Amino acid sequence: MTTAQPQELDVQPTPLALLLLGREADPRSERGVECPGDLPAPSDPDLVARARAAKEKLGDKVFVLGHHYQRDEVIQFADVTGDSFKLARDAAARPEAEYIVFCGVHFMAESADILTNDEQKVVLPDLAAGCSMADMATAEQVAECWDVLTEAGVAEQVVPVSYMNSSADIKAFTGRHGGTICTSSNAKRALEWAFQQGEKVLFLPDQHLGRNTAVRDMGMSLDDCVVYNPHKPNGGLSAEELRGAKMILWRGHCSVHGRFSLDSVNDVRARIPGVNVLVHPECRHEVVSAADYVGSTEYIIKALEAAPAGSKWAIGTELNLVRRLANRFAPEGKEIVFLDKTVCFCSTMNRIDLPHLVWALESLAEGTLVNRIEVDKETETYAKLALERMLALP
């Protein structure tokens, strides 16, 4: 009897490896906050024991959420794992937990705060764990966009649909203007609902998910889509282009999924005959078009669970998850590789490491509330309205 060894994925680190692993801060794109206390050293051999002890001391007062893209060293302490919306709903289903420690990124913690009760306190172990996609649409930019749509005479025809991967401010904008939120799993249902309410959709902030859903899943053409660039006057679009479009896509993208290319797909097919290419819908349209299967994080996991032994898969999503799945299914004879040849961690997601988690848990265990994420009441009201419209989708 032999024991399956953990798989090492065939990826090569780039010069940005430390940044991508969350070990360094990029002052151009991250908040770069410091913890108001002594952060344990990553080399501390007692980190696992310290995290376990603090979590046991807190008992039912703490509920730890772990996003699929988190490091293994962190995910081992999660009470539940999942995608951002599932985790937020799991938190709301645990009203007895005084502290919700969200091992994810900022917009996810905001969603958890919106959906939980006022007595619960949501904690993000590192406030620098943001999301580059969510940061690509600010409240000021979106308000200006709406002014552009109004001047073009189309605002009354437009229904905003915002991806879950957006700030509370953007969710609130969506709620105020009669729109809904979507996930990568229900984007088609959300768009179908939106087109029953109006003639056009403003899709925020991920252009790729919006385009892929409209064209691949709903039969629209690429000509039905225009891209609004917030860094150009009038979004870089004429009034005629806005009047002719069905999908007005915000110029945003995921820094992880956006790096997969058609060359990545062609290369893996050449290297691994018979491979199944499975990608997330946040990937570029040409990548999605060339893939065999397309779906959300939960879809990817379920597809691999149902895959036959001996099958080969190239996965286009965040590397922490792909590596975890490769190790999980190796004993079943399933070969799982990363779609790209270079390292592709989510840099901000990786800022939540074991030292930050230990610091947060120990602080809470000592009675000190740290790094609370709290959405103001007005924003929460309208953001929740948009989320409730999503929950009511057929």
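Residues numbered from 1 in each chain as written. Predicted model: local features only at pLDDT ≥ 70, side-chain atom pairs only at ≥ 80, totals over all residues. Heavy atoms only, no water.

Asks: Explanation requested: the overall build of the chain in the structure shown.
Replies: Of regular secondary structure, the chain possesses 16 helices and 14 strands. In terms of its C-alpha atoms, the chain occupies a principal-axis envelope of roughly 65 × 55 × 40 Å. Counting all 394 residues of the chain, 57% fall into the buried class. The contacts in the chain between residues at least 6 apart in sequence include a share of 70% that link residues at least 24 apart. Once the 40 positive and 57 negative side-chain charges of the chain are each reduced to a mean point, those two points are 4 Å apart. (Helix = DSSP H or I, 4+ residues; strand = E, 2+ residues; numbered from the N terminus. Buried < 20%, exposed > 50% of the residue type's maximum accessible area, 1.4 Å probe, protein only. Contact = heavy atoms within 4.5 Å. Lys, Arg positive; Asp, Glu negative; His and termini not counted. Charge placed at Lys NZ, Arg CZ, Asp CG, Glu CD.)

Asks: Help me out: how do you make sense of the layout of surface pockets in this one?
Replies: Regions of empty space are outlined by a rolling probe, equal in size to a water molecule, passed over the atoms. The space that makes up the second largest pocket amounts to roughly 280 Å³. Mapped onto the lining of the second largest pocket, the elements with two or more residues apiece are helix H5 (106-115), helix H6 (139-151) and helix H7 (168-176). Per-element accounting of the lining of the second largest pocket gives the leading share, three residues, to H5. Residue classes in the lining of the second largest pocket are distributed as eight nonpolar, four polar and seven charged. (1 Å grid on protein atoms, 1.4 Å probe; cavity = no way out; pocket = protein on both sides within 12 Å on 5 of 7 lines; lining within 4 Å. Points joined across faces, edges and corners; volume = space filled by probe spheres on them. Nonpolar A, V, L, I, M, F, W, Y, C, P; charged D, E, K, R; others polar.)

Asks: Help me understand the side chain of Asn 229, please; the structure alone is not making it clear to me.
Replies: Mapped onto the fold, Asn 229 is located in the loop between strand S8 (225-228) and helix H10 (239-244). If we skip the residues at most four places from it in the chain, Asn 229 touches Gly 235, Gly 236 and Arg 251.

Asks: How do you make sense of the packing of aromatic side chains when you look at a structure like this?
Replies: Geometry of an aromatic ring pair is reported as the spacing of the ring centres plus the angle between the planes. In this structure the tally under the stated criterion is four aromatic pairs. Aromatic pair Trp 146 and Phe 173: ring centres 5.7 Å apart, planes at 80°, arrangement edge-to-face. Linking Trp 146 in helix H6 with Phe 173 in helix H7, this pair joins segments that are 27 residues apart in sequence. Assigned by exposure class, Trp 146 and Phe 173 land together as buried. Seen in terms of ring centroids, Tyr 293 and Trp 313 are 5.6 Å apart; in terms of plane orientation they differ by 40°. Their pairing is tilted. (Phe/Tyr/Trp six-rings, centres within 6.5 Å; stacked < 30°, edge-to-face > 60°.)

Asks: Hey, could you run me through the confidence of the model for the chain in this one?
Replies: The predicted coordinates of low-pLDDT regions are not to be read in fine detail. When pLDDT is averaged along the chain, the result is 89; 90% of the residues meet or exceed 70. Within the model, pLDDT remains below 50 along residues 1-6, and this stretch shows two contacts once partners closer than five positions in the same chain are excluded. This stretch, residues 11-35, has a pLDDT under 50; its non-local contacts, to residues over four places away or in other chains, come to 53 contacts. (pLDDT = per-residue confidence, 0-100.)

Asks: I'm lost on the side chain of Ser 184 in this one. Help?
Replies: Checked against the element boundaries, Ser 184 lands in the loop between strand S6 (180-182) and helix H8 (187-197). Sequence-distant contacts of Ser 184, that is, excluding residues within four places in its chain, are made with Tyr 163, Leu 209, His 280, Pro 281 and Ser 296.

Asks: I tried to follow the pattern of salt bridges on my own but got confused; where do I start?
Replies: Think of it this way: side chains of opposite charge can pair up when their charged atoms draw near. Counted by the stated rule, this structure contains 19 salt bridges. Asp 126 is paired through a salt bridge with Arg 351; the nearest N and O atoms lie 3.3 Å apart. Within this pair, whereas Asp 126 is found in the loop between strand S4 (121-123) and H6, its partner Arg 351 is found in the loop between strand S13 (335-338) and helix H15 (354-365), the two being separated by 225 residues in sequence. Each of the two residues, Asp 126 as well as Arg 351, counts as buried. Where Arg 176 meets Glu 378, a salt bridge forms, and the shortest distance between an N and an O atom there is 3.5 Å. Placement of Arg 176 in helix H7 and of Glu 378 in helix H16 (residues 377-391) is noted, with a sequence separation of 202 residues between them. Salt bridges linked by common partners bring Lys 61, Glu 98 and Lys 121 together as one network. (Salt bridge = Lys/Arg side-chain N within 4 Å of Asp/Glu carboxyl O.)

Asks: Got a minute to help me understand the nonpolar core in this structure?
Replies: Looking at soluble globular proteins, one finds that nonpolar side chains tend to be buried together. Residues Val 101, Phe 203, Met 247, Val 279, Ile 336 and Leu 361 are the most contacted members of the largest nonpolar core, which totals 109 residues. Per-element accounting of this core gives the leading share, eight residues, to H15. Not counting residues up to four positions away in its chain, the partners in contact with Met 247 are Leu 191, Phe 195, Val 201, Phe 203, Gly 210, Ala 214, Met 220, Asp 224, Cys 225 and Val 226. (Core = buried A, V, L, I, M, F, W, Y, C linked by side-chain atoms within 4.5 Å.)

Asks: Explain the pairing of strand S1 (residues 62-67) to me, please; I cannot follow it from the model alone.
Replies: Regular strands show a simple pattern: their side chains alternate between the two faces of the sheet. Burial analysis of S1 places six of its six residues in the buried class, the great majority of the element. Here S1 pairs with strand S2 (residues 80-82) via three bridges, running parallel. Residue pairing for S2: Leu 65 is matched across the bridge by Val 80. (Pairing = 2+ DSSP bridges.)

Asks: Looking at this model, I keep getting lost on the sheet that holds strand S14 (residues 372-373). Mind explaining?
Replies: In a beta sheet, neighbouring strands are held together by backbone hydrogen bonds and run either parallel or antiparallel to one another. On the basis of which strands lie adjacent, the open sheet formed by five strands has the order S2-S1-S3-S4-S14 and mixed pairing. Both outer strands of the open sheet, S2 and S14, are each paired with one neighbouring strand and no more.

Asks: Can you walk me through the pairing of strand S3 (residues 99-103) in this structure?
Replies: Across the five residues that make up S3, a large majority, five, are buried. Going residue by residue along S3, you find Tyr 99, Val 101 and Cys 103 tucked away on one face and Ile 100 and Phe 102 tucked away on the opposite face as well. Across five bridges, S1 lies against S3 in parallel orientation. Looking at S3, one finds that Phe 63 is bridged to Ile 100. Two elements, S3 and S4, share three bridges in a ladder whose sense is parallel. The residue bridging Tyr 99 from the neighbouring strand is Lys 121, located in S4. Tracing the backbone out of S3, into H5 and back to the parallel element S4 gives a crossover that is right-handed. (Right-handed = clockwise from strand over helix to strand, strands pointing away.)

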